[in-house]
Amino acid sequence: MMEQHHINKKSVERALHELSDVPSFETEATAATTATTLSRSPTIKKKKKKKKKKEDEEDPIPPKIILFDDGWDFIQTRGLEKLKSLVEERYQNRDDDEAEQDVVFPREEAVEICTKIFVMCHQFDPYNHSQALYDRHGQTIKDYLRQRLVAEMEQATELPTPEESLTCWLDLADEFQFFTQWWNNFFRILDRVHAEPRHLPKVQPATWTYFQHNMVAPYHNMICQAVLYLIQNDREGQSIDMSLVS
């Protein structure tokens, strides 16, 4: 005979209450499906793509390294040769003050040259060309003095009068000042990044030292004799160009 079990009403109610607290598997599956759908939605993809683009903009590609030969060819072609042509144009217009003052180096081209030199001086070793640019700048000044000014003065010493020789020397000195005014401005950055830290002469003082050695010291006697010649002529009542002795 089967044993009958008495069902306690309170036990049944407690069991039903515990079952109501257990999460439904159907509910969990629905939540997982919803999350997967959202993660694959076009809106999320678009945001990720936009974020990646922003990261690319924050990390630009580094500039190309400038080798010394390439950089110097640019400086020589766009700067030195252009400046020499302007010196020649200014010399041809030396009798016309207005035309002479109009001869200037184009500003945009000057900025390009200064920028090129700036970059070459701030590259990491072994591509930092500060020392090489400093040496090449000085060598260019020396070559210009010897090939242009000194060669011209050797012929000027054979002129008939000391006044003509002095006039030639002053014209060449003025030409050199115009040339170095622009040439030194191109290399002005060398004062801060190379000359000062190493206690070397700055660009401008070094330039006038070269001029002193090549154009002043060798022709000092000639200049003094020419000035004394003009003063003597003035005392004798002759008309002289006072701008040569003032």
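Everything numeric here is computed off the predicted structure, so don't read it as measured data.

Reading the values: rules and limits
Residues numbered from 1 in each chain as written. Predicted model: local features only at pLDDT ≥ 70, side-chain atom pairs only at ≥ 80, totals over all residues. Heavy atoms only, no water. Helix = DSSP H or I, 4+ residues; strand = E, 2+ residues; numbered from the N terminus. Contact = heavy atoms within 4.5 Å. Areas by Shrake-Rupley, 256 points an atom, 1.4 Å probe, with all protein chains shown as cover. Patch = residues over 30% accessible without salt bridge, like charges linked within 9 Å, V, L, I, M, F, W, Y side chains within 5 Å. Salt bridge = Lys/Arg side-chain N within 4 Å of Asp/Glu carboxyl O. Phe/Tyr/Trp six-rings, centres within 6.5 Å; stacked < 30°, edge-to-face > 60°. Buried < 20%, exposed > 50% of the residue type's maximum accessible area, 1.4 Å probe, protein only. Axes fitted to C-alpha atoms, helices over the stretch in contact; angles between N-to-C directions. Parallel < 35°, antiparallel > 145°, perpendicular 65-115°, else oblique. Left-handed = near helix turned anticlockwise from the far one by under 90°. Nonpolar A, V, L, I, M, F, W, Y, C, P; charged D, E, K, R; others polar. Polar contact = N/O pair within 3.5 Å; in protein donor to acceptor, adjacent residues only side chain to side chain. Core = buried A, V, L, I, M, F, W, Y, C linked by side-chain atoms within 4.5 Å. pLDDT = per-residue confidence, 0-100.

Peer 1: Would you explain the overall build of the protein in this entry?
Peer 2: On a plain count of helices and strands, the protein comes out with 11 helices and zero strands. The helix and strand sequence of the protein, counted from the amino end, reads α-α-α-α-α-α-α-α-α-α-α. For the protein, long-range pairs separated by at least 24 residues make up 73% of all intrachain contacts whose partners lie at least 6 apart in sequence. Carbon together with sulfur atoms contributes 53% to the accessible area of the protein, which is approximately 17700 Å² in total.

Peer 1: I tried to follow a nonpolar patch on the surface on my own but got confused; where do I start?
Peer 2: Nonpolar side chains collect at one region of the surface, where Ile-65, Leu-67 and Tyr-127 lie side by side and expose about 260 Å² of accessible area between them. In this structure, Leu-67 sits in the loop between α3 (42–58) and α4 (68–92).

Peer 1: For this particular structure, what's the right way to read the packing of aromatic side chains?
Peer 2: Aromatic ring pairs are described here by two measures, namely the spacing of the ring centres and the angle between the planes. Enumeration according to the criterion identifies 13 aromatic pairs in this entry. On the basis of an interplanar angle of 0 degrees and a centroid distance of 4.0 Å, the ring pair of Tyr-144 and Phe-179 is categorised as stacked. Here Tyr-144 is found in helix α7 (residues 130–156), whereas its partner Phe-179 is found in helix α8 (residues 162–186), with 35 residues between them in sequence. Phe-179 gets classed as buried once you look at its relative accessible area, which sits at 0%. Judged by centre distance (6.3 Å) and plane angle (75 degrees), the rings of Trp-183 and Phe-186 are edge-to-face.

Peer 1: Please clarify how the pattern of salt bridges should be interpreted in this entry.
Peer 2: Any two side chains of opposite charge can pair, given that their charged atoms come close. The tally for this structure, following the rule as stated, stands at four salt bridges. A salt bridge links Glu-175 to Arg-148, with the shortest nitrogen-to-oxygen separation between them at 2.7 Å. Taken together, the positions of Glu-175 in helix α8 and Arg-148 in helix α7 put the pair 27 residues apart, joining distant regions of the chain. Assessed through its relative accessible area of 23%, Arg-148 is described here as partly exposed.

Peer 1: What is the right way to read the packing of α7 against α8 from this model?
Peer 2: A pair of packed helices is characterised by two quantities: the angle between their axes and the separation of those axes. Contact pair α7 / α8: the axes reach a minimum separation of 10 Å and the direction vectors enclose 165 degrees. When the axis of α7 is compared with that of α8, the two are roughly antiparallel. Viewed along their axes, α7 and α8 form a crossing whose handedness is right-handed. Between α7 and α8, the contacting residues are His-137, Thr-140, Ile-141, Tyr-144, Leu-145, Arg-148, Leu-149, Glu-152, Met-153 and Ala-156 on the first element and Ser-165, Cys-168, Trp-169, Leu-172, Glu-175, Phe-176, Phe-179, Thr-180, Trp-183 and Asn-184 on the second. When its residues are assigned to classes, the contact of α7 with α8 shows 12 nonpolar, five polar and three charged.

Peer 1: Would you mind going over the side chain of Ser-130 with me for this structure?
Peer 2: Relative to the helices and strands, Ser-130 is located in helix α7. On the accessibility criterion, Ser-130 (4% relative accessible area) is buried. Only 2.7 Å separates the side chain of Ser-130 from the side chain of Asn-128, close enough to count as a polar contact. If we ignore the near neighbours within four places in the chain, the residues touching Ser-130 are Met-120, Cys-121, Leu-190, Val-193 and His-194.

Peer 1: Would you explain the nonpolar core in this entry?
Peer 2: Across soluble globular proteins, nonpolar side chains have a tendency to be buried as a group. Counting residues in each nonpolar core, the largest one holds 53 residues, and the members touching the most others are Leu-133, Trp-169, Trp-183, Phe-187 and Met-215. Contributions of two or more residues to this core are made by α4, α6 (107–121), α7, α8, α9 (189–195), α10 (203–216) and α11 (220–235). Of the residues forming this core, the biggest block, 11 residues, is contributed by α8. Residues in contact with Trp-169, not counting those within four places in the same chain, are Met-153, Phe-211, Met-215, Val-216, Tyr-219, Met-222 and Ile-223.

Peer 1: Can you walk me through the confidence of the model for the protein in this structure?
Peer 2: In this model, the protein carries a mean pLDDT of 79, and residues with pLDDT of at least 70 account for 72%. Scored below 50 in pLDDT, residues 1–7 makes one contact in the model with residues more than four places away or belonging to other chains. Per-residue pLDDT stays below 50 along residues 19–56; that stretch engages in four contacts with residues further than four places along the chain or on separate chains.

Peer 1: Help me understand the environment of His-122, please; the structure alone is not making it clear to me.
Peer 2: Among the secondary structure elements, His-122 is positioned in the loop between α6 and α7. Looking at His-122, the relative accessible area reads 39%, which means it is partly exposed. Residues His-122 and Val-193, 71 residues apart in the sequence, show an inter-C-alpha distance of 8.4 Å. What His-122 contacts, discounting residues up to four positions off in sequence, is Asn-128, Ile-189, Arg-192 and Val-193. Engagement of the side chain of His-122 in a polar contact is seen with the backbone oxygen of Phe-118, the distance being 2.8 Å.

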